[in-house]
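Here is what each chain is made of, one letter per residue.
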Amino acid sequence: MSVELIGYGAFFLTIALTYAIMCLGLNVQWGQTGLFNVGVAGFVAIGAYVSAILTTPDSPGHLGGFGLPIVIGWLGGTVAAAVVSFLIGALTIRLRADYLAIATFGAAVVVQLCALNLEPVTGGPFGIGFIPRPFSNLAGEPLAFSLLNLGVLVLVVAGVYLALERLVRSPWGRVLRAIREDETAALALGKNAVKFRLQAFAIGGGIMGLAGAVHAHFIGFVAPDNYVPILTFQVWAMLIVGGSGNNRGAILGAVLVWGVWTASAAAISVLFPPEHQARAAALQIVMIGVALCAVLLLRPRGMLGEVRVVSRHVAMPTTNQEIANARKT
Amino acid sequence: MIAQALMDGLIAGAMIGLGAIGITLTYSILRFANFAHGELISWGAYLALALSGGLGYLSSNLTSSIGPFSFGWSLPLAAILAIMLTGVLALVSDALLFGRLRAKGGSVIIMVMASFGAALTLRSLLEFTFTTKPAYYTNALQIAMPLGGGMRATPDQLLALGLSAIMVVAIHLLLTRTAIGRSMRAVSENQQLSGIVGIDVRKVIRTVWLLGAGLACVAGIMAGLLVQIRPHMGHDLLLPLFAAAILGGIGSVPGAMLAGLIVGLSESLAVQFIGAEWRAAVAFVILVAVLLIHPKGLFGRVA
């Protein structure tokens, strides 16, 4: 019993941490830079499909069969998603803020269409199976297998987190926040706002691609149905609830919202008879939608708000309490 | 075949145009891209479905077809009520969500995000109430009449085209010839300044919501009558709507209608020559082309 429980806990955390990576990517775009991406699912899908095509063994159903190592697949997925983000960003970032939202929304629709219809490349509606899973030689021992996979995810999340924390505190991160807060002032100081925004958008998109690749290798297949708009919505809810602008908030929000999501799914499968479950699942989305709007209205900072960072070399008050104390003195 | 594709495109374009007028008005006056506009279309269609079903239950006379059309008097009556109720829905969402964010001085992008959350909530509520099974206003079959030149259209389709044309002219006259229209244009130019010169900005915002929701409801009822009613119908129209609003130029009513027709025609030609499975990509291609070549759109003032 306890073995099963640990196994389930590891599985739950592994999935939650793949969402945490997406959330960290979105945090670079939205939290740090204020770029609104409504096509998260599309960028995640690009990473997942590219990695799947690079690493799967030869198969007649779709392009690929390169059989490359998993790490190469992850890198390929990251780079591909970053390139696509760069192109979308280059098209819209110099225009009005919400044109980017509309363009990313469209990009996600087109990625979904390509996944469905470009059968020679993506395998069409059935997707691509037999994606190599890390430690697949241990598949006979479920506990060791799931714990090792969890370990890999923890390492990836920690790596992305540390890299982003360093970026946020670097001069580059300061310029991003300066542009977000007061673009005119940043421009007057000679910072090219469009260039910095574009870089942040591409980095964020690349991280989403990495998340998609990692997720695909953990579950072992990709299919168009995995990357529907509801995924975008979940990632947004995670970031807003956790606290946008805060990388720890992004990870916390991912685990928390995924926990609420799976718990409510379990509750629905217990409370509703099978014929009404599809209907009741719609209520799950209503609940998350209302929660998102409520957080925007009532607590826009989320659970962990943004940490004020000036430079690594200057000690700054970080919590609200400290800021209040600093103002008093 | 091409003549028929043009006819189909024209009809689809008229529906896109009506929705795009609502988007372009809210965009230019409330100043944010409303991702929940598609849900007003779906809600309008379902409200009319429920009301017309209720009216038909009260009196079976109302369900017998009017003249050459496939529906009885219950549908036009229900449509009038549904337009009002969709307007109420838009006002309620403004009072609960968008208005409060506006009052807090939230940035544009927070409004966009809130509209995104509202869209999912509204759509899922429809899914919960009506399930995802497609619904229809009537089960009557209509024979398409030949119009000459190889074109065919059903009486319902011709009615939809005629109604769209009348509504576009009416909205255009409302904006250019009436006091409230002048106030709306003033608020879209500069909200603070128009407040200072005594324009009731809140009344203008209410009017914009009512107009946008009413047009969305009409577009939804037409789409439901000519195709089918599904909870996702509005969401699937959202990308064509945005493409049309931006192609037409934000704030321009004739631009939105013309661009809606262009998007509809391109979609139906793409179905003819490339394949129906790529239909949804057409709007994106148009959007990218406009943003690349001429971000102001056909009749827009600012990008």
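Computed from a predicted model, the values in this text were never measured in an experiment.

For the rest of this paragraph, the subject is the overall build of chain B. Tallying secondary structure elements over chain B gives 11 helices and two strands in all. Tracing chain B from N to C terminus, the helices and strands come up as α-α-α-α-β-β-α-α-α-α-α-α-α. With the C-alpha coordinates of chain B rotated into their principal frame, the extents come out at 55 × 50 × 40 Å. Counting all 303 residues of chain B, 52% fall into the buried class. For chain B, contacts bridging at least 24 residues in sequence account for 76% of all contacts bridging at least 6.

Take the environment of A:L162 next. Relative to the assigned elements, A:L162 resides in helix α6 (residues 142–169). On the basis of neighbour counts, which here come to 11 C-beta atoms within 10 Å, the residue A:L162 falls in the exposed class.

Attention now goes to the nonpolar core. Judged by nonpolar contacts, the single largest core of 196 residues is most densely connected at A:A20, A:I21, A:C23, A:V44, B:F242 and B:L287. Here this core takes 16 residues from helix α8 (residues 201–226) of chain B, the largest share from any one element.

All right, on to unusual backbone geometry then. What you tend to see is this: most non-glycine residues have negative phi, and most peptide bonds are trans. Residues and elements named next belong to chain B. Not every positive phi belongs to a glycine, and R31 is a case in point at roughly 65°. With respect to the helices, strands and loops of the structure, R31 is situated in the loop between α1 (2–30) and α2 (37–58). Look at R31 and you get partly exposed, because 16 C-beta atoms sit within 10 Å. In this structure, T131 is a non-glycine residue whose phi angle is positive, near 60°. Structurally, the position occupied by T131 is in the loop between α4 (108–130) and β1 (145–148).

By a frequent convention, interface size equals the accessible area lost on bringing the separate parts together. Listed by partner, the interface residues are 35 residues for chain B and 31 residues for chain A. Of all the elements in the fold, those that place two or more residues in the side of chain B that touches chain A are α3 (74–103), α4, α9 (233–248) and α11 (279–293) of chain B. The biggest single contributor to the side of chain B that touches chain A is α4(B), with 15 residues. Counted by class, the side of chain B that touches chain A contains 28 nonpolar, four polar and three charged residues.

This part takes up the environment of B:K104. Checked against the element boundaries, B:K104 lands in the loop between α3 and α4. Residues B:K104 and B:P240 lie 136 residues apart in sequence; the distance between their C-alpha atoms is 31 Å.

Below, the discussion takes up the confidence of the model for chain B. Looking at chain B, the pLDDT average stands at 88 and 99% of residues meet or exceed 70. The complex prediction reports pTM at 0.86, with the ipTM value standing at 0.83.

This brings us to the packing of helix α2 (residues 40–55) of chain A against helix α9 (residues 193–219) of chain A. Residues and elements named next belong to chain A. As a packed pair, α2 and α9 sit with axes 7 Å apart at the nearest point and diverge in direction by 55°. Between α2 and α9, the crossing angle belongs to the class labelled oblique. With respect to the hand of their crossing, α2 and α9 are arranged in right-handed fashion. Here V40, F43, V44, A45, I46, G47, A48, S51 and A52 of α2 lie close against α9, whose contacting residues are G205, M208, G209, L210, A211, G212, A213, H215, A216 and H217. For the contact of α2 with α9, a count of residues per class yields 12 nonpolar, seven polar and no charged.

Moving on, we get to the pairing of β1(B). Where β1(B) and strand β2 (residues 151–153) of chain B come together, three bridges link them in antiparallel fashion. Each bridged residue has a counterpart across the sheet, and for B:P146 the counterpart in β2(B) is B:R152.

All names here are of chain A. Look at helix α1 (residues 2–32) against α9: their axes get within 8 Å of each other, and the N-to-C directions meet at 170°. The angle between α1 and α9 places the two elements in the roughly antiparallel class. Contact with α1, carried on its side by T14, T18, I21, M22, L24, G25, L26, V28, Q29 and Q32, involves A200, F201, I203, G204, G205, I207, M208, L210, A211, V214, H215 and F218 of α9 and no other residues of that element. Split into classes, the residues belonging to the contact of α1 with α9 amount to 14 nonpolar, eight polar and no charged.

Quick notes on the rules
Residues numbered from 1 in each chain as written. Chains lettered and ligands numbered in written order. Predicted model: local features only at pLDDT ≥ 70, side-chain atom pairs only at ≥ 80, totals over all residues. Helix = DSSP H or I, 4+ residues; strand = E, 2+ residues; numbered from the N terminus. Buried ≥ 20, exposed ≤ 12 C-beta atoms within 10 Å, placed from the backbone. Contact = placed C-beta atoms within 7 Å. Core = buried A, V, L, I, M, F, W, Y, C linked by C-beta atoms within 7 Å. Nonpolar A, V, L, I, M, F, W, Y, C, P; charged D, E, K, R; others polar. pLDDT = per-residue confidence, 0-100. Axes fitted to C-alpha atoms, helices over the stretch in contact; angles between N-to-C directions. Parallel < 35°, antiparallel > 145°, perpendicular 65-115°, else oblique. Left-handed = near helix turned anticlockwise from the far one by under 90°. Pairing = 2+ DSSP bridges.

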